[in-house]
Amino acid sequence: MAENVVVVTGAGGFIGGHLVKRLLAEGKAVRAVDRKPFHEWYQLHADAENIVGDLSLIDCCQRVMDGGAEEVYHLAADMGGMGFIENNKTACMLSVLSSTHMLLAARAAGVGRYFYSSSACVYAADKQTETDVSPLREEDAYPAMPEDGYGWEKLFSERMARHFREDHGLATRVARYHNVYGPYGTWTGGREKAPAAACRKVALAVLSGSQEIEIWGDGEQTRSFTYIDDCVEGTVRLTRSEHAEPINVGSGALVSINQLYSIVQQIAGVKLRHRHVPGALGVRGRNSDNTRIRKELGWEPTHSLLDGLEATYRWIYDQAKAQLEGRAHQC
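Please read these numbers as outputs of a predicted model, since none were measured by experiment.

Conventions used here
Residues numbered from 1 in each chain as written. Predicted model: local features only at pLDDT ≥ 70, side-chain atom pairs only at ≥ 80, totals over all residues. Heavy atoms only, no water. Pairing = 2+ DSSP bridges. Helix = DSSP H or I, 4+ residues; strand = E, 2+ residues; numbered from the N terminus. Axes fitted to C-alpha atoms, helices over the stretch in contact; angles between N-to-C directions. Contact = heavy atoms within 4.5 Å. Buried < 20%, exposed > 50% of the residue type's maximum accessible area, 1.4 Å probe, protein only. Left-handed = near helix turned anticlockwise from the far one by under 90°. Nonpolar A, V, L, I, M, F, W, Y, C, P; charged D, E, K, R; others polar. Core = buried A, V, L, I, M, F, W, Y, C linked by side-chain atoms within 4.5 Å. Phe/Tyr/Trp six-rings, centres within 6.5 Å; stacked < 30°, edge-to-face > 60°. Expected span 1.5 Å × (residues − 1). Parallel < 35°, antiparallel > 145°, perpendicular 65-115°, else oblique.

Chemist: Now, about the sheet that holds strand β2 (residues 29-34): what can you tell me, with residues and values included?
Modeler: Taken in spatial order, the 7 strands line up as β3-β2-β1-β4-β5-β6-β11 in an open sheet, and their pairing is parallel. At either end of the open sheet lies a strand with only one pairing partner, and these are β3 (49-52) and β11 (247-249). The average undirected angle you get between the axes of adjacent strands in this sheet is 20°. Of the pairings in the sheet, the one linking strand β5 (residues 113-119) to strand β6 (residues 172-177) comprises 6 bridges and is parallel in character. Across the sheet, residue S117 finds its bridge partner in β6, namely A175. Along the sheet, helix α5 (residues 96-109) makes contact with β1 (5-9), β4 (71-74), β5 and β6, crossing β5 at roughly 165°.

Chemist: How would you sum up the side chain of S95? Please name residues and give values.
Modeler: Mapping S95 onto the fold places it in the loop between α4 (89-93) and α5. With a relative accessible area of 7%, S95 lands in the buried category. In this structure, S95 is in contact with A77, D78 and E153, ignoring residues within four places of it in sequence.

Chemist: So what's going on with the packing of helix α1 (residues 14-25) against helix α8 (residues 228-239)? Which residues, and what values?
Modeler: Orientation of α1 relative to α8, taken along the N-to-C sense of each, is 65°, at an axis distance of 10 Å. Every pair of crossing elements has a handedness; the one defined by α1 and α8 is right-handed. Taking contact as the criterion, the partners of F14, I15, H18, L19 and R22 in α1 are, on α8, I228, C231, V232, E233 and V236. Along the lines of polarity and charge, the residues of the contact of α1 with α8 split into 7 nonpolar, 1 polar and 2 charged.

Chemist: Pulling in residues and values, what's your account of the nonpolar core?
Modeler: Within the largest apolar cluster, 55 residues are counted, with the highest numbers of intra-cluster contacts made by V8, I15, L19, Y73, Y177, I228 and L309. Element by element, the count of residues in this core is highest for helix α7 (residues 194-208), at 7 residues. Counting residues in hydrophobic clusters, the runner-up holds 24 residues, among them L55, V64, M65 and M160.

Chemist: An account of the packing of aromatic side chains is needed here, citing residue identities and associated values.
Modeler: To describe a pair of aromatic rings, one takes the distance between the centres and the angle between the planes. The full count for this structure, using the stated rule, is 6 aromatic pairs. Relative to W315, the ring of Y184 has its centre 5.3 Å away and its plane inclined at 40°; by these criteria the two rings are tilted. Of this pair, Y184 sits in the loop between β7 (180-181) and α7 while W315 is found in helix α11 (residues 305-330), placing the two residues 131 residues apart along the sequence. For Y184, a relative accessible area of 36% corresponds to the partly exposed category. Three or more aromatic residues joined by ring pairs form one cluster here, namely Y73, F115 and Y177.

Chemist: Describe helix α9 (residues 257-268), naming the residues involved and giving the relevant values.
Modeler: In a regular helix each residue adds 1.5 Å, so 12 residues correspond to 16 Å; α9 covers 17 Å between its end C-alpha atoms and thus fits that length. Residues of α9 that are buried include every one of I257, N258, L260, Y261, I263, V264, Q265 and I267, and no others. Of the residues trailing α9, G269 is marked for its positive phi of about 75°.

Chemist: Could you give an account of the packing of α7 against α9, with specific residues and numbers?
Modeler: Viewed as axis vectors pointing N to C, α7 and α9 meet at an angle of 45°, and their least axial separation amounts to 10 Å. The angle between α7 and α9 falls in the class oblique. By crossing handedness, the relation of α7 to α9 is classed as right-handed. Across the interface between the two elements, A194, P195, A197, A198, C199, K201, V202 and V206 of α7 pack against I257, L260, Y261, V264, Q265 and A268 of α9.

What is shown is where atoms sit, not what they do.
Set out below in structure tokens:
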């Protein structure tokens, strides 16, 4: 095991970029891996060892793990918001290749701790049929009825992580993320999640002078949203803890999608008409029960939705403005 060396997969993505920054600040030697070319990484940290590689291939995973590592954070996955995962089930399920090959490579390299990023999409659909949903406890993942495609891959990979721990002694840790959002993430193109989509729509309305935005469905579907700083903190705390079973990393503050859009408009200082249109909706309601994380880690997410959305909106507004100005210059 290479002490002080940490591997982060999916490092060019939203959560991965923030996690690499956190680990570098701790003085870790970070090996950051993503299949995207460097110019598509959301954050490219010069102090990390940055590698472009396809982790669906076992040879790539073995090269990344050459020499071992103190910790591995496996975040790499083909995923996005509800609009993406409902229409790309095959792509989502093929993430099982990187999940499998990274576990094999980590076991062979004698890794100290191995973190796997799962999702609240593993939870049984029949427990998420009402807007006023009971917060989901970790045991609510069984009997299994996860989100089709994406949720099934996540649940299967959770089980793999468990059995690698039981059969081979690999110290695996699993977090079930609940709707993570924040700056330096996907905000356009079809893979963005609800908070980023709301910020983009409101920002574009402000920039264009439009008085109306679209919302999928009736907007009464409910979720809890987790700010990126809380996600990173929970991830690191869990990885270094002695708690081996899957655990929720998510806010317990339930809001409707309509309320989410209202908060973003409050931040932007505008009041817009809502036009409700058909779209991918997912489950009717989903919230995080944080009883276990409080008990096991003595911690839970602390950032308010208002504060997190304000930082997210400001960043997305600047991105949208720069994009529009770039198009104007091209004309």
